[in-house]
Amino acid sequence: MSTRREKIKGAFFSPPESLRKGPFAEGAFPSPLHSEKIAAILGLVLGVTFSICFVTGLVSHLIQYPPGWFFWPATPAGLYRVSQGLHVATGIASVPLLLAKLWTVYPKLYEWPPVRGPLHALERLSLIALVGGSLFLLFSGLANIGLWYPWAFFFPTAHYWASWITIGALIIHIGTKISATRRALREPKQTIAEEQSGLSRRGFLGVVGGTAGLLTLTTVGQTFGPLNELGILAPRRQDVGPQGFPVNKSAEAAKVEKKALSPHYRLVLEGDVNTPLSLSLDDLRAMEQTEATLPIACVEGWSTSQTWRGVRVRDLLERAGATADPTIMVESLQKSGLYRASELPAEHALADNTLLALQVNGEDLHIDHGYPARLIAPNRPGVLQTKWVGKMTVT
Ligand SMILES: Nc1nc2c(c(=O)[nH]1)N[C@H]1C(S)=C(S)[C@@H](COP(=O)(O)O)O[C@H]1N2
Ligand SMILES: [Mo]
């Protein structure tokens, strides 16, 4: 009886010893770098970068697809810029950290016996979700900021759901590993003999950390001005493009050139208002002009701050006699395209610095920046800063 119980406890599944060959053999991975301690340290750092990446990604998702309970303020104006900058920066830094962690622990794939019990089996299964999800998120994120879409699915939706699966698996992983991690972190430093056998643990962690740091330094300039010059690996430069800042979607690509340059251009404001408006560019220029320095903060992690000038959206709403708590649908002259329209919640519509901008840095907007008029509002993702605005509907 007791021997049977021991058997169950010891090995839920015990394959014959004759299978212990190759990577399954005892001592098949002699490098001291496949250590619990390195795995624990890398795991801890990845826990931090993944948490920041998850929370900032969730915030970005909620702003773009706001459920009823969600409120996102209009101040501070640059908060989204920081949040999305962190999202992309922690994602990029996670790449070398994750690869190093996977290399450190991959000998565990050949652990003997392969499965020790139902719980162990479940834990190992959850690793498929964790590793698969992490690799998918980092790869799809990197491809996205590189404007490379080698897939058929809609990136935001796939990236969003994969993040929940990954975070769920990460929580299980932390739960099952927390005591082993604590123990490993208390492990003494390496012995001299170990230090002398090739790369030391400290050296390995230095290389991995250094790579993560270098990648961050050479990309974060796309959103963090002081490091702009270092941004040799950044997909975008803050200061390159017409009028000195970037363009993703040109007027030509959006097929709006004819309408945007037409003398018959009108900004229409309608919906829940007393007097619908239809204003020419000259009518807009004749209204009070307001200046605001605000960033465009793209979900891809680049951002650029410019000084805009134009008509306050609030003034337009007042002129039309809009309802007190207006939500506004802002539509582009663009006929189709994912980002041809955006919703402007009341909090942002009524803010002092929410503009229908006609100018940037003292010049009329370049057509690729949204001439004749673009929306620019504080604390919003770039995708919601609609260019070539033709119609605003109050609901
Ligand atoms: N009409 C329209 N407005 C738009 C877009 C677009 O595709 N169409 N792109 C948005 C995106 S994703 C960003 S980041 C900002 C700045 O984009 P740009 O670099 O193309 O000017 O404009 C936004 N406004
Ligand atoms: Mo964007």
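For the structure, see preceding data.
First things first, this report covers the structure right here in the doc. As the structure is a prediction and not an experimental result, all values here were calculated from the model.

Turning our eyes to something else, we now look at the overall build of the protein. A count of helical and extended segments in the protein gives 12 helices and 10 strands. Taken over C-alpha atoms, the radius of gyration comes to 27 Å for the protein, far larger than the 21 Å a tight globule of 395 residues would show. Summarising its shape, the C-alpha atoms of the protein cover approximately 90 × 50 × 35 Å along the three principal directions. Expressed as a percentage of contacts within the protein between residues at least 6 apart in sequence, the contacts between residues at least 24 apart total 69%. Surface summary for the protein: the accessible area is close to 20,400 Å², and the carbon and sulfur share equals 63%.

Quick look at the side chain of S94 now. Examined against the element boundaries, S94 turns out to sit in helix α3 (residues 79-105). A polar contact is formed between the side chain of S94 and the backbone oxygen of T90, at a distance of 2.7 Å. What S94 contacts, discounting residues up to four positions off in sequence, is L46, T49, F50 and L138.

Below, the discussion takes up the site of ligand 1. In the region of ligand 1, 17 residues are neighbours, and N248, K249, Q334, Q385 and K387 sit closest. At a separation of 2.8 Å, an oxygen atom of ligand 1 approaches a polar backbone atom of K249. One of the backbone nitrogen or oxygen atoms of Y339 is found 3.3 Å away from a nitrogen atom of ligand 1. In the complex, the protein chains occlude 97% of the 510 Å² of accessible area that ligand 1 would expose alone. A breakdown of the residues in the shell around ligand 1 according to their chemical character gives 8 nonpolar, 6 polar and 3 charged.

This paragraph deals with the nonpolar core. Counting residues in each nonpolar core, the largest one holds 46 residues, and the members touching the most others are L284, W308, L316 and I328. With 5 residues, the single largest contributor to this core is strand β7 (residues 355-360). Other than its neighbours up to four places away in sequence, L284 contacts Y265, L267, L279, Q289, V311, L316, L356 and L358.

Where strand β1 (residues 267-271) lies against strand β2 (residues 277-279), 3 bridges are found, and the strand directions are antiparallel. From the neighbouring strand, V268 faces β2, where its bridge partner is S278.

Conventions used here
Residues numbered from 1 in each chain as written. Chains lettered and ligands numbered in written order. Predicted model: local features only at pLDDT ≥ 70, side-chain atom pairs only at ≥ 80, totals over all residues. Heavy atoms only, no water. Helix = DSSP H or I, 4+ residues; strand = E, 2+ residues; numbered from the N terminus. Rg over C-alpha atoms; globule rule 2.2 N^0.38 Å. Contact = heavy atoms within 4.5 Å. Areas by Shrake-Rupley, 256 points an atom, 1.4 Å probe, with all protein chains shown as cover. Polar contact = N/O pair within 3.5 Å; in protein donor to acceptor, adjacent residues only side chain to side chain. Near = heavy atom within 4 Å. Nonpolar A, V, L, I, M, F, W, Y, C, P; charged D, E, K, R; others polar. Core = buried A, V, L, I, M, F, W, Y, C linked by side-chain atoms within 4.5 Å. Buried < 20%, exposed > 50% of the residue type's maximum accessible area, 1.4 Å probe, protein only. Pairing = 2+ DSSP bridges.

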